[in-house]
Amino acid sequence: MGSYSMSQVATLTGINAHTLRKWESRYSFIEPERTDTNIRFYTDELLRKLLNVSILQRNGFKISKIDKMSNEELHTNVTEVLLKPIEGDELTALMLGLLEMNEREFIKIIDAHIASKGLLNAVTDLIYPFLNQIGVLWGIDKVMPAQEHFISNLIRQKVIAAINALPLPETNAPRIILFLPENEHHEIGLLLAQYIAKDLGWNVFYLGQHVPISNIESVQSIVKPNLLLTMFVTTVPDRIKEKIEAVLSQTTADLLVSGNPVNLETKYFEDRTIYVSNPGELISILRDRIS
């Protein structure tokens, strides 16, 4: 934790490198540190400030005015803007909630989006892109496991409550088994898939995380599913083909596979295997299969 390159800051804030350099030369609010070899780096505090600045700028505040704001004024103005968040600002606000472990602000943003557009849109337009942003931070070792667990549990609580509020599907509705194989514990994506499938009228058999693949044959014989869905989040690309083939050997149903793109190559996807890259694709597949 503690230092970010210019390219990393640009990815996380949406402020391009050219603009960051220009602001640095003209304004006092952005003063990156320098390494012994004169390479810029940005602290946690400066990243949080730039996330706030990006929200205000997108909402019509002139950068010259932002430059004169105290930290308290900056926070007050951002809070007022986020009372009526627009697309893009919500994602930035969630990132601030992660970095500051601010449960109140984080829940406020998610609840407002759900109230305005419903949970399904919140999943596809807000929560899923946010989880991708967490993936960026994981990739550069800039998020603590404690921070990721804190935010993931808040999302988990919301999704489980929403799943429980959905009506039971018809008994003759198509059936899908959702599971994570052994050594896979990142459950949020699977819970989002459970909400989507149940909301679309599927009978969902949710097995959860760390399921032995050898169990799938027995579950298949009981449930007789139309589809299975699994995810590979942990980076183990050399084992994926073997695991997919093991699952397919246990079932006659088609298998949907999602997860970390690093793990998933097109050569792994043969007969009865379908790659799902985002919630929109999952929704399309499930709608087509139910019609």
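Residues numbered from 1 in each chain as written. Predicted model: local features only at pLDDT ≥ 70, side-chain atom pairs only at ≥ 80, totals over all residues. Heavy atoms only, no water.

## Notes on the packing of aromatic side chains
Stage number 1. Counting across every chain of the model gives two aromatic pairs.
Stage number 2. The rings of Trp23, Tyr27 and Phe29 are connected pair by pair, giving a single aromatic cluster. (Phe/Tyr/Trp six-rings, centres within 6.5 Å; stacked < 30°, edge-to-face > 60°.)

## A closer look at the sheet that holds strand S5 (residues 227-232)
Stage number 1. One open sheet accounts for five strands, arranged S4-S3-S5-S6-S7; its pairing is parallel. Only two strands of the sheet have a single partner each, and these edge strands are strand S4 (203-211) and strand S7 (273-275). The average angle at which neighbouring strand axes cross in this sheet is 20°, direction not considered.
Stage number 2. When S5 meets strand S6 (residues 254-259), the two strands line up parallel, connected through six bridges. The partner of Thr230 across the bridge, within S6, is Val257.
Stage number 3. Relative to S4, helix H10 (residues 188-199) is tilted by about 175°, and along the sheet it contacts strand S3 (175-181), S4 and S5.
Stage number 4. Across the sheet, helix H11 (residues 216-223) touches S3, S4 and S5, and the angle it forms with S3 is around 165°. (Pairing = 2+ DSSP bridges. Helix = DSSP H or I, 4+ residues; strand = E, 2+ residues; numbered from the N terminus. Axes fitted to C-alpha atoms, helices over the stretch in contact; angles between N-to-C directions. Contact = heavy atoms within 4.5 Å.)

## Overview of helix H2 (residues 17-26)
What sets the pattern is the α-helix's 3.6 residues per turn: residues three or four places apart point alike.
Stage number 1. If you check which residues of H2 are buried, you get Thr19, Leu20 and Trp23. Projected down its long axis, H2 carries its buried residues within an arc of 100°, all on one side. Facing away from the buried surface of H2 by more than 90 degrees, the exposed residues are His18 and Ser25.
Stage number 2. Of the residues that open H2, the one with a side-chain oxygen 3.2 Å from the backbone nitrogen of His18 is Asn16. (Buried < 20%, exposed > 50% of the residue type's maximum accessible area, 1.4 Å probe, protein only. Arc of directions from axis to C-beta. Polar contact = N/O pair within 3.5 Å; in protein donor to acceptor, adjacent residues only side chain to side chain.)

## Describing the environment of Glu24
Stage number 1. Relative to the assigned elements, Glu24 resides in helix H2.
Stage number 2. When neighbours within four sequence positions are excluded, Glu24 is seen to be in contact with Ile30, Pro32, Arg34 and Arg40.
Stage number 3. Of note is the side chain of Glu24, whose polar atom sits 3.2 Å from the side chain of Arg34.

## A closer look at helix H1 (residues 6-13)
Stage number 1. All buried positions along H1 are accounted for by Met6, Val9, Ala10, Leu12 and Thr13.
Stage number 2. Of the residues trailing H1, Gly14 is marked for its positive phi of about 80°.

## Remarks on unusual backbone geometry
Stage number 1. At Asn38, a position not held by glycine, the phi torsion is positive, near 70°.
Stage number 2. Tracing the sequence through the fold places Asn38 in the loop between strand S1 (33-34) and strand S2 (40-41).
Stage number 3. Unusually for a residue other than glycine, His210 sits at a positive phi of about 55°.
Stage number 4. In this structure, His210 sits in strand S4.

## Digging into the environment of Asp199
Stage number 1. Residue position: Asp199 is located in helix H10.
Stage number 2. Classification of Asp199 by relative accessible area gives partly exposed; the value is 33%.
Stage number 3. Sequence spacing of Asp199 and Ala165 is 34 residues, and the spatial spacing of their C-alpha atoms is 10.0 Å.
Stage number 4. Leave out the neighbours within four places in its chain, and Asp199 touches Leu120 and Leu166.

## What to know about the packing of helix H6 (residues 89-100) against helix H7 (residues 103-117)
Stage number 1. Contact geometry for H6 and H7: axes closest at 8 Å, N-to-C directions at 150°. Classified by the angle between their axes, H6 and H7 sit roughly antiparallel to one another. Crossing angle aside, the handedness with which H6 passes H7 is left-handed. In this structure, H6 uses Glu90, Ala93, Leu94 and Gly97 to contact H7, whose residues at the interface are Phe106, Ile109, Ile110 and His113.
Stage number 2. Among the residues forming the contact of H6 with H7, the class breakdown is five nonpolar, two polar and one charged. (Parallel < 35°, antiparallel > 145°, perpendicular 65-115°, else oblique. Left-handed = near helix turned anticlockwise from the far one by under 90°. Nonpolar A, V, L, I, M, F, W, Y, C, P; charged D, E, K, R; others polar.)

## A word on the pattern of salt bridges
Stage number 1. In total, this model carries eight salt bridges according to the counting rule given.
Stage number 2. We note a salt bridge from Glu24 to Arg40, for which the minimum N-O separation is 2.6 Å. Residue Glu24 is found in helix H2, and its partner Arg40 is found in strand S2; the two are separated by 16 residues along the sequence.
Stage number 3. A single network of salt bridges, built from pairs that share partners, joins Glu24, Arg34 and Arg40. (Salt bridge = Lys/Arg side-chain N within 4 Å of Asp/Glu carboxyl O.)

## Observations regarding the pairing of S6
Stage number 1. Where S6 meets S7, three bridges bridge the pair, whose relative direction is parallel. Opposite Val257, over in S7, you have Tyr275 as the bridge partner.

## A closer look at the pairing of S3
Stage number 1. Among the seven residues of S3, six are classified as buried, and the element is accordingly described as predominantly covered.
Stage number 2. Here S3 runs beside S4; their pairing, made up of six bridges, is parallel. Residue Arg175 lies in a different strand from S4, and its bridge partner there is Asn203.
Stage number 3. In this fold, S3 hands off to H10, which returns the chain to S4; that crossover is right-handed. (Right-handed = clockwise from strand over helix to strand, strands pointing away.)

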